[in-house]
Every structure is written in C-alpha cells, then in structure tokens.
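Here are the chains, one letter per residue:
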Amino acid sequence: MRIVLISTPIGFLGSGKGGGVELTLNSLVSGLLSLGHSVEVVAPKNSKLYKSNEKAKLHFVEGEDQVSWQHQNYNSPVSIPDNSLLAGMLEKGLDIAKKADVLLNMSYDWLPIWMTLNLDIPIAHLISMGSESSVISNLISKVYTKYPYSFAFHSKIQANDYPFIRKPTIIGNGFKLDNYIFQDSIKGPLGWVGRVAPEKGLEDAVYVANELEEKLNVWGVIEDENYASKIEQSYPRGTIDWMGFLSTNELQKQLGKCRVLLNTPKWNEAYGNVIVEALACGVPVVAYKRGGPSEIIQHGKTGYLADPDDKETMLSYVEIIEKINRKKCREWVEKNASTEIFANKVVSWLNKVINQYK
Ligand code: UDP
C-alpha cells in the first residue's frame, strides 16, 4: 500500500507540542515500513522521524500552527490563520496522494475532515482526542453517514465521546519496543510525564509526592506557564523536579529508574502514550480511571486505577506499588502494543476505508 500521512498542525515532529501524535506517527511509520508498505509523511518544517524510519519520504511545509482544540471553548468556531500550516500540509498531501492509495490524516481539526465530503481520494482520519469541539463532532457525524469507516480511535472509552458511531474502529497504539530498556528499579523516585497543561492534572501527582515527603520528577513541555507556576507555588520548594522535554531515548533511560509513574488525567484521555512507555521500561503506573488509562492498566497487575480525582486512593496505591511485578508491565506492552500489532490494525482499517471508494 502507498500511504501518505498528514502530521499534526501543532508543532514540528520532535518539538513535543504535538503531544502523543508525534510518537504515534513515528511508531506507525516504523510498523508500516516493516510490513513492506510505502510511506510518505507531510509535516511541519524541522520535523524529524526516527533514524530507522529513513525509508519514509518526509515533505516539509511552513506556516502558522492551529490553536489546540483542548484549549478553546467546546463551542468555539473554527479559526484558520493566514498562511495556515494545516491548509499547506493538506495541499501538499493531496498533491502526493494522486499517486498513493490512501491519505491518513492525524490532525484533530475541521478542515481535513470536511474535505472528505468533496474528495475522490480515500482519506482516513485517526482521531487523537475525545470530543473537544462541537463543530468537529458534528462534522464527524455528518461524514460518518457517507463514509462510515473513515474514522478510527485509540480506545473504546475515547470513541464513546462519539456515540453516533455504531461500531467504532479501535486501534490502540504502538511502541517500538527496542527503544525502551527494561529496568528493575524498585526503589526509584516518583515520576510524572506529559504536557504541563490543566487537562493533565499535574497538581494531583504533586499532592501525592508532597504527602509522601518525596520529590516528583516531571518530564514534558511546559505548555501553560501560569498553570505550572501556580502548582509550584502551592507546595514546598523543590517538591517538583522539572526534568524538561527529552527525546524518547533519554526519557526512557530516566523514566525507567522510577518506581512508579503517576498519571492524573482531568479529561477523557484518548489513550495515554506515556503510560505504555513507562510499562515498556518496567515502570508500573497508578492512574485515574478516566479515559485510555482505564483500558491500558490492569489493576493489581501492571499498576493501579483510582477513581477519578481521588488523590487519597492514588496515594494509598503508590504506597503498595512494590507488589507489582515489573516484568509483567513490560510483557503487557510486548503482547499488546508493539508497532507491528498497531500497524496491522491500521492496515486492515485502511483497507476498509479504501473499499468505500470502489
Ligand atoms: N514526551 C517526550 N519527552 C518528554 C515528555 C513527553 O517525548 O520529555 C512525549 C511522550 O513520549 C508521549 C507524549 O509526549 O508520546 C505525550 O503523549 P500522551 O499520549 O501521553 O498525551 P498527549 O500529549 O497526546 O495528550
């Protein structure tokens, strides 16, 4: 299959601004290449793919980023800036797609989904978030009536945000296992990984660390400076150890030293890449039972699930984390979330998308 991928219109690949989509795209490219497919990627200027993905052709586009939907009102209208990066990537993608079998859009935005109604080229949409915008959800509903197979989701609970889709295609996610090394660090520190923004609930993880009189290692892009400094000021100095945004290779080395990862979503987390990355390093995860984490973590086996926003229960689970066998964490990723497993699911979905145009 010849597949053209359209990246996120928020930040270049490797910047961290695109969140989990950046890693998902790279994992997907790895998996598709290993299955023998031909892949081209349209992405913002300065984007980088994994070295092992050099067989995929990368096309750069320059332009203004979109504003992330999770930081707008649910009923906000669509806004497209002058010199739009998204529009530029779509133009480029459409041009290349003339010689391809399918376009795979990875941006959560209105324009590429709307285009579906007016295109003869098969276009598939991997939806990376729960319902964060009424205008996008209504459009998905409209496109769905014409092309019922054109959408895929990472988790069942994410797809529940789109109740009009009767049998949603759920594809999970994939991780390049040799990028993550197992570490048996049962006495390590507490870790938290993610974009530092309100929907990620960092404050609850800091609460747990403070109760334990420990520090919390925090990795990720600080997307919302005000939010970050408010949390910092609410706790004794040094409770948060800001570790910065690291490459996957560096992140996994440091993350693997943790005894537990805390994951505290305040929104319907579509999947939660960082959970699987931690598990791949052997790090159990204590998370809120909200969104993707509740489908990934096996309670009592690879970590623990606390009721949403229940910090006290989260704390009690951290206190018994040594009961989790770290090898079982890695095993779950090997059996359920490798790049090959992921790419196979994507390919069978793309075949259904293409068949709609025959
Ligand atoms: N990440 C990273 N380096 C860091 C911190 C985070 O590469 O120092 C990446 C991480 O690998 C993951 C992404 O940031 O792929 C966060 O994705 P997730 O699905 O957890 O949440 P999202 O940002 O998409 O809401």
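Description of the structure in this document. None of the values given here were measured: they were computed from a predicted structure.

**Things to note about the site of the ligand**
For step 1, the next point in the chain: In the neighbourhood of the ligand, 18 residues make up the surrounding shell, with G20, R195, K200, L246 and E277 lying closest.
For step 2, the next point in the chain: Within the contact set of the ligand, an oxygen atom lies 2.7 Å away from a backbone nitrogen or oxygen of G20.
For step 3, the next point in the chain: R195 has a polar side-chain atom sitting 2.7 Å from an oxygen atom of the ligand.
For step 4, the next point in the chain: In isolation the ligand exposes 540 Å². Once the protein is present, 90% of that is buried.
For step 5, the next point in the chain: When contributions to the shell around the ligand are tallied by element, the ones reaching two or more residues are α1 (20-34) and α9 (273-280).
For step 6, the next point in the chain: For the shell around the ligand, a count of residues per class yields eight nonpolar, six polar and four charged.

**Things to note about the sheet that holds strand β10 (residues 240-244)**
For step 1, the next point in the chain: If you trace the six strands from one edge of the open sheet to the other, you get β10-β9-β8-β11-β12-β13, paired in parallel fashion. Because the sheet does not close on itself, it has two edges, and the strands there are β10 and β13 (303-306). Neighbour to neighbour, the strand axes of the sheet diverge by 25° on average, direction disregarded.
For step 2, the next point in the chain: Packing of helix α8 (residues 248-255) onto the sheet brings it into contact with β8 (190-193), β9 (216-219), β10 and β11 (260-263), and relative to β9 it is tilted by some 170°.

The rules we used
- Residues numbered from 1 in each chain as written.
- Predicted model: local features only at pLDDT ≥ 70, side-chain atom pairs only at ≥ 80, totals over all residues.
- Heavy atoms only, no water.
- Near = heavy atom within 4 Å.
- Polar contact = N/O pair within 3.5 Å; in protein donor to acceptor, adjacent residues only side chain to side chain.
- Areas by Shrake-Rupley, 256 points an atom, 1.4 Å probe, with all protein chains shown as cover.
- Helix = DSSP H or I, 4+ residues; strand = E, 2+ residues; numbered from the N terminus.
- Nonpolar A, V, L, I, M, F, W, Y, C, P; charged D, E, K, R; others polar.
- Pairing = 2+ DSSP bridges.
- Axes fitted to C-alpha atoms, helices over the stretch in contact; angles between N-to-C directions.
- Contact = heavy atoms within 4.5 Å.

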